[in-house]
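Structural overview
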Protein chains: 2
Amino acid sequence: MLEKIISQGLKATGRRMTRTRKAVLSLLERTHEPLSASEIFAQLQEDQVAIDLVTVYRTVNVLKDLGLVAQLDLHHEGQSRYELKEGRKHHHHIRCQVCGKIVDLLLCPLKKLTKLIEERTKFVVGDHTLEFTGFCPQCQ
Amino acid sequence: MLEKIISQGLKATGRRMTRTRKAVLSLLERTHEPLSASEIFAQLQEDQVAIDLVTVYRTVNVLKDLGLVAQLDLHHEGQSRYELKEGRKHHHHIRCQVCGKIVDLLLCPLKKLTKLIEERTKFVVGDHTLEFTGFCPQCQ
DNA sequence: CCTTTATTGCAAGTCTCTTGCAAGTAACAT
DNA sequence: ATGTTACTTGCAAGAGACTTGCAATAAAGG
Ligand SMILES: [Mn+2]
Ligand SMILES: [Mn+2]
Ligand SMILES: [Zn+2]
Ligand SMILES: [Zn+2]
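Residues numbered from 1 in each chain as written. Chains lettered and ligands numbered in written order. Predicted model: local features only at pLDDT ≥ 70, side-chain atom pairs only at ≥ 80, totals over all residues. Heavy atoms only, no water.

**Details of the coordination of the zinc ion (ligand 4)**
All names here are of chain B.
- Taken together, His90 (NE2), His92 (NE2), Cys108 (SG) and His128 (NE2) make up the full set of protein donors to the zinc ion (ligand 4), lying 1.9 to 2.3 Å away.
- What the 4 donor atoms of the zinc ion (ligand 4) show is an angle range of 105 to 117 degrees at the metal, which sorts the shape as tetrahedral.
- Counting along the primary sequence, the residues that act as donors to the zinc ion (ligand 4) give the motif H-x1-H-x15-C-x19-H. Of this pair, histidine 92 sits in strand β4 (residues 92-96) while histidine 128 sits in strand β6 (residues 124-135), and the two are 36 residues apart along the sequence. Histidine 128 carries the same exposure label as histidine 92, and that label is buried. (Donors = N, O, S within 2.8 Å, 3.2 Å for Na, K, Ca; no water. Tetrahedral: all angles 85-135°; square planar, octahedral: opposite > 155°, others 65-115°. Helix = DSSP H or I, 4+ residues; strand = E, 2+ residues; numbered from the N terminus. Buried < 20%, exposed > 50% of the residue type's maximum accessible area, 1.4 Å probe, protein only.)

Below you can see the structure in the form of structure tokens.
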């Protein structure tokens, strides 16, 4: 179970499992869209969890360090979003430019391309980001 | 020539060609990496062009409105970059995670994928962003 | 239960980008 | 050329996301 896996990661790096970290984790676990820090903060307030926005930022950064959360910087959003990586595979997103809805695209067309790019540019390719924008079914 | 094309666009929207807009345009024209507002500001200072950072922001926004400049939000950079679209075709970038160097990738593998995504998600797909990161030849 | 040390909340700070407004200037008509 | 008008600029201030300093709090382990 997730909390156990993450406790191990925390301990291995001299960190502790706390009430606030559990709350952020449990929220990320049951949410199916990537969340911004302020959205995490607002949702936890609603859930009657006492937490400061600063702690949300520190928590997502810890989870990112542990490799358990992905940080997304979507085009023109001006804020990062975070989603659990644990148990989900590499994928990308499409976002509605009207209502902001974000949907997973469970695909990645870039494996082959990486080789081509390494040949052409002499870079060693590490990561990539890919995002689509458009109009969702409700906003067309 | 570029300045003429852009003068027309400005006039058509009730705007004027000014000393500062010429300076920003000419810098973007001769630069082959996308530039941030503060980089534009710093380079123009070096070129002895009197301009305020606020004016740089306003200028790139005007050029973006006219469709003459693309705004890039690269992963984890925390600032936007701008590059001329005029005369260059749709492409993507790879950035060195050590030195920050940005190189054009003169390709886009996403035409086909768009149809597939529209079928799967029922979105109408508009735009996309794609960026690679890695280590450039000097930083490996 | 006690000690140690990581974590938290609050305040303040940083950074990018935007906005209000008076002064400056490009565009156009006289 | 000169004047009129309205767009543009610079400066100051503000907004928003995110970070940092520090004293108080609370995990973890004995
Ligand atoms: Mn996702
Ligand atoms: Mn480019
Ligand atoms: Zn991918
Ligand atoms: Zn493309």
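**Focus: the protein's contact with DNA strand C**
- The immediate surroundings of DNA strand C are formed by 23 residues, with Thr20, Arg21 and Thr55 of chain A together with Arg16 and Tyr57 of chain B found nearest.
- Within 4 Å of the protein, the atoms of DNA strand C are drawn from sugar and phosphate moieties in a proportion of 72%.
- At a separation of 3.1 Å, a phosphate oxygen of DNA strand C approaches a polar backbone atom of aspartate 52 of chain A.
- At 2.6 Å from a phosphate oxygen of DNA strand C is found a side-chain nitrogen or oxygen belonging to tyrosine 57 of chain B.
- Among the secondary structure elements, those contributing two or more residues to the surface near DNA strand C are α2 (19-30) and α4 (53-65) of chain A together with α4 (53-65) of chain B.
- The leading source of residues in the surface near DNA strand C is α4 of chain B, at 4 residues.
- Per-class residue counts for the surface near DNA strand C are 6 nonpolar, 8 polar and 9 charged. (Near = heavy atom within 4 Å. Polar contact = N/O pair within 3.5 Å; in protein donor to acceptor, adjacent residues only side chain to side chain. Nonpolar A, V, L, I, M, F, W, Y, C, P; charged D, E, K, R; others polar.)

**Considering the state of the cysteines**
Residue and element names in this part refer to chain B.
- Summed over the entire model, instances satisfying the criterion amount to 0 disulfides over all chains.
- Take cysteine 139: it sits in no disulfide, and the sulfur closest to it among the cysteines is that of cysteine 136, at 3.8 Å.
- Given a relative accessible area of 24%, cysteine 139 falls into the partly exposed group. (Disulfide = S-S within 2.5 Å.)

**Overview of the sheet that holds strand β1 (residues 35-36) of chain B**
Residue and element names in this part refer to chain B.
- Spatially, β1-β3-β2 is the arrangement adopted by the 3 strands of the open sheet, whose pairing is antiparallel. Pairing within the sheet leaves two strands with one partner each, and these edge strands are β1 and β2 (69-72).
- As defined by bridge partners, β1 adjoins strand β3 (residues 81-84) across 2 bridges and the pair is classed as antiparallel. By the bridge assignment for β3, leucine 35 is matched with tyrosine 82. (Pairing = 2+ DSSP bridges.)

**Some thoughts on the coordination of the manganese ion (ligand 1)**
Residue and element names in this part refer to chain A.
- Looking at the manganese ion (ligand 1), one finds its protein donor set to be Glu83 (OE), His91 (NE2), His93 (NE2) and Asp104 (OD), positioned 2.1 to 2.2 Å from the metal centre.
- Mapped onto the sequence, the residues coordinating the manganese ion (ligand 1) show the spacing E-x7-H-x1-H-x10-D. For the pair glutamate 83 and histidine 91, a shared accessibility class is recorded, and that class is buried.

**Section: the nonpolar core**
- Ranked by size, the top nonpolar core spans 26 residues in total, and within it Phe132 of chain A together with Phe132 of chain B carry the most contacts.
- Put simply, the parts of the chain that give this core at least two residues each are β4 (92-96), α5 (111-121) and β6 (124-135) of chain A together with β4, α5 (111-121) and β6 of chain B.
- Aside from chain neighbours lying at most four places away, what touches phenylalanine 132 of chain A is His93, Ile94, Arg95 and Leu105 of chain A together with Leu110, Leu113, Thr114, Ile117, Val125, Asp127 and His128 of chain B. (Core = buried A, V, L, I, M, F, W, Y, C linked by side-chain atoms within 4.5 Å. Contact = heavy atoms within 4.5 Å.)

Nothing here speaks to function; it is all geometry.
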